Amino acid sequence: MPVAKIHVSLPNDLLSQIDERGQARSTIISRDLNRLYTLYRRALRQVNLTVDEACLIVDALNGSITTADDAGLLWARILDAIRYDKLDEKWKIDGKELVEKLQQLNELQAMAIVDAAERFWQLDSNDVREDVKRCFGIGI
């Protein structure tokens, strides 16, 4: 498989964690990102969001920053967006049901949703629903 050589800047604490895993930093970074992205895809399939639920989430997370430490509070962000911005009405979904679904997620599933939303916002979207389906793996 062809590879691209790039330069990255990493915080020292992250570099130490990479070095704990072996000497070949590039190989370790590539392997670990591959593992993470595979886990995200699997986690998204477990969540089973509808297109409209995913559209609401994308809408609610526009411009937000989420870390692994606060991913478990995804449901609270969505609840606020429903309460204050009426996104459940906009996307014609049962907001209470979505929040309950999100409260049941583990941190990996929540972070996978955040990652999908972040990927969506990197697109130059012409068809929101189709791009959401692709980013969230809906119907694939």
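Above this text you will find the structure in question.
A quick note: this is a predicted structure, and the numbers were derived from the prediction, not measured.

Colleague: Requested: an account of the environment of valine 58, with residues and values cited.
Modeller: Tracing the backbone through its elements, the reader meets valine 58 in helix H3 (residues 51–61). Note: C-alpha distance between valine 58 and tryptophan 121 (63 residues apart in sequence) is 7.9 Å. When sequence neighbours within four positions are dropped, the list of residues in contact with valine 58 reads Ala117, Phe120, Trp121, Val132 and Phe136.

Colleague: Lay out the packing of helix H1 (residues 12–19) against helix H2 (residues 25–47) in plain terms, naming residues and giving numbers.
Modeller: Close contact between H1 and H2 brings their axes to 9 Å; oriented N to C, the two are set at 95 degrees. Between H1 and H2, the interaxial angle falls into the category roughly perpendicular. Here Leu15, Ile18 and Asp19 of H1 come into contact with H2, specifically with Arg25, Ile28 and Ile29. Looking at side-chain class alone, the contact of H1 with H2 contains four nonpolar, no polar and two charged residues.

Colleague: So what's going on with the pattern of salt bridges? Residues and values would help.
Modeller: For the structure shown, the criterion picks out 12 salt bridges. As a salt-bridge pair, arginine 31 and aspartate 32 come within 2.9 Å of each other at their nearest N and O atoms. Here arginine 31 falls in the partly exposed class, since its relative accessible area comes to 31%. For aspartate 32, a relative accessible area of 24% corresponds to the partly exposed category.

Colleague: Before we move on, could you go through the layout of surface pockets and cite the residues and values that matter?
Modeller: Taken as a whole, the largest pocket spans an internal volume of roughly 490 Å³. Forming the boundary of the largest pocket are 13 residues, of which Ala4, Ile6, Ser26, Ile29 and Ser30 lie nearest the centre. By residue class, the composition of the lining of the largest pocket is eight nonpolar, three polar and two charged.

About the cut-offs
Residues numbered from 1 in each chain as written. Predicted model: local features only at pLDDT ≥ 70, side-chain atom pairs only at ≥ 80, totals over all residues. Heavy atoms only, no water. Helix = DSSP H or I, 4+ residues; strand = E, 2+ residues; numbered from the N terminus. Contact = heavy atoms within 4.5 Å. Axes fitted to C-alpha atoms, helices over the stretch in contact; angles between N-to-C directions. Parallel < 35°, antiparallel > 145°, perpendicular 65-115°, else oblique. Nonpolar A, V, L, I, M, F, W, Y, C, P; charged D, E, K, R; others polar. Salt bridge = Lys/Arg side-chain N within 4 Å of Asp/Glu carboxyl O. Buried < 20%, exposed > 50% of the residue type's maximum accessible area, 1.4 Å probe, protein only. 1 Å grid on protein atoms, 1.4 Å probe; cavity = no way out; pocket = protein on both sides within 12 Å on 5 of 7 lines; lining within 4 Å. Points joined across faces, edges and corners; volume = space filled by probe spheres on them.

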